[in-house]
Amino acid sequence: MTEPQSQTNRSKSLWPFYRDDVKGKMAELVEAILDSAHEADATKQKQYRLVIFIDDLDRCSPEQMVRMFEWLKVHMLVEGCTYVLALDHIAAARAIVGRYREYLSEDQDLAYGLRYLEKLIEVEYELGIARNVEQMAIRQVHLPHKVPYRRVSEMAQQLRGGDFPGVQQIDQLLSLRSLLVPRTMLKIVNRFKRVMEFIKNIR
């Protein structure tokens, strides 16, 4: 009677089959989705492709981020499917270098991580600062009502009923590059509006 394999040895022996099985199942899933889209198309003339968006990868731990890259390379790249990754490429490069540091020479830096990403990602787009972020956030906070102001300072003066000390510094503060992110700006505008309305109501 032979002894059972250890968990480590069993995992190693099954690894090639496990890898192929995962990629095969992924290919079957993509094919089924595309077939359903084609069947639902009355014209039957369109070519379909599955697009999967993966956002905020740079918010994962470095280990989880690199593990995701490895899974994409080995298991998930199948025909008919495109992945769109939203991440900070510098943070991703640092995570990659940290993961493989023990295999690299001492002179390796972010260049290795960036080359890794180049091999994984076919087309790269770097998003610039969105325009009118502050105005978009003000409109979103006041929906469905239209508002006459474009800046938080104008909103503050309207809610306050006039000028007040420090209102000029609001525009300077909200011009900081780190705040010109739609999600961040929306939170700032929403909280600022609540505070100003609270102050107005207790006067």
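Quick notes on the rules
- Residues numbered from 1 in each chain as written.
- Predicted model: local features only at pLDDT ≥ 70, side-chain atom pairs only at ≥ 80, totals over all residues.
- Heavy atoms only, no water.
- Core = buried A, V, L, I, M, F, W, Y, C linked by side-chain atoms within 4.5 Å.
- Buried < 20%, exposed > 50% of the residue type's maximum accessible area, 1.4 Å probe, protein only.
- Helix = DSSP H or I, 4+ residues; strand = E, 2+ residues; numbered from the N terminus.
- Contact = heavy atoms within 4.5 Å.
- Axes fitted to C-alpha atoms, helices over the stretch in contact; angles between N-to-C directions.
- Parallel < 35°, antiparallel > 145°, perpendicular 65-115°, else oblique.
- Nonpolar A, V, L, I, M, F, W, Y, C, P; charged D, E, K, R; others polar.
- Patch = residues over 30% accessible without salt bridge, like charges linked within 9 Å, V, L, I, M, F, W, Y side chains within 5 Å.
- Areas by Shrake-Rupley, 256 points an atom, 1.4 Å probe, with all protein chains shown as cover.
- Salt bridge = Lys/Arg side-chain N within 4 Å of Asp/Glu carboxyl O.
- Lys, Arg positive; Asp, Glu negative; His and termini not counted.
- Charge placed at Lys NZ, Arg CZ, Asp CG, Glu CD.

Engineer: Sorry, what's going on with the nonpolar core here?
Structural biologist: One broad rule of soluble globular proteins: the nonpolar side chains tend to lie buried together. By size, the foremost hydrophobic cluster in this structure holds 21 residues, and its most contacted members are Met26, Val30, Phe69, Cys81, Tyr83 and Ile96. Where this core is concerned, the elements lending two or more residues are α1 (7-40), β1 (50-54), α2 (62-76), β2 (81-85), α3 (89-99) and α4 (110-120). Per-element tally for this core: the top contributor is α2, with five residues. Residues contacting phenylalanine 69, with those up to four places away along its chain left out, are Leu57, Leu85, Leu87, Ala92, Ile96, Tyr116, Leu117 and Leu120. Core analysis: the next-biggest nonpolar cluster, separate from the first, contains 17 residues, Ile138, Tyr149, Val152 and Ala156 among them.

Engineer: Explain the packing of α3 against α4 to me, please; I cannot follow it from the model alone.
Structural biologist: As a packed pair, α3 and α4 sit with axes 8 Å apart at the nearest point and diverge in direction by 110°. Taken together, α3 and α4 sit at an angle that is classed as roughly perpendicular. On the side of α3, the interface is formed by His89, Ile90, Ala92, Ala93, Arg94, Ile96 and Val97, while α4 contributes Leu110, Tyr112, Gly113, Leu114, Tyr116 and Leu117. When grouped by side-chain class, the residues that make up the contact of α3 with α4 number 10 nonpolar, two polar and one charged.

Engineer: Help me understand a negative patch on the surface, please; the structure alone is not making it clear to me.
Structural biologist: Together, Asp21, Glu28, Glu31, Asp35, Glu39 and Glu79 make up a region of like negative charge exposed at the surface. Note that glutamate 39 resides in helix α1. Of the residues examined, glutamate 39 reaches a relative accessible area of 59% and is grouped as exposed.

Engineer: Explain unusual backbone geometry here, please?
Structural biologist: Working note: non-glycine residues mostly have negative phi, and peptide bonds are mostly trans. Of note, the amide linkage connecting leucine 143 to proline 144 takes the cis form, showing an omega dihedral of 5°. Its location among the elements puts proline 144 in the loop between α5 (133-142) and α6 (152-160). Although it is not a glycine, aspartate 56 sits at a positive phi angle of roughly 60°. Relative to the assigned elements, aspartate 56 resides in the loop between β1 and α2. In this structure aspartate 56 comes out as partly exposed when scored by relative accessible area, which is 25%.

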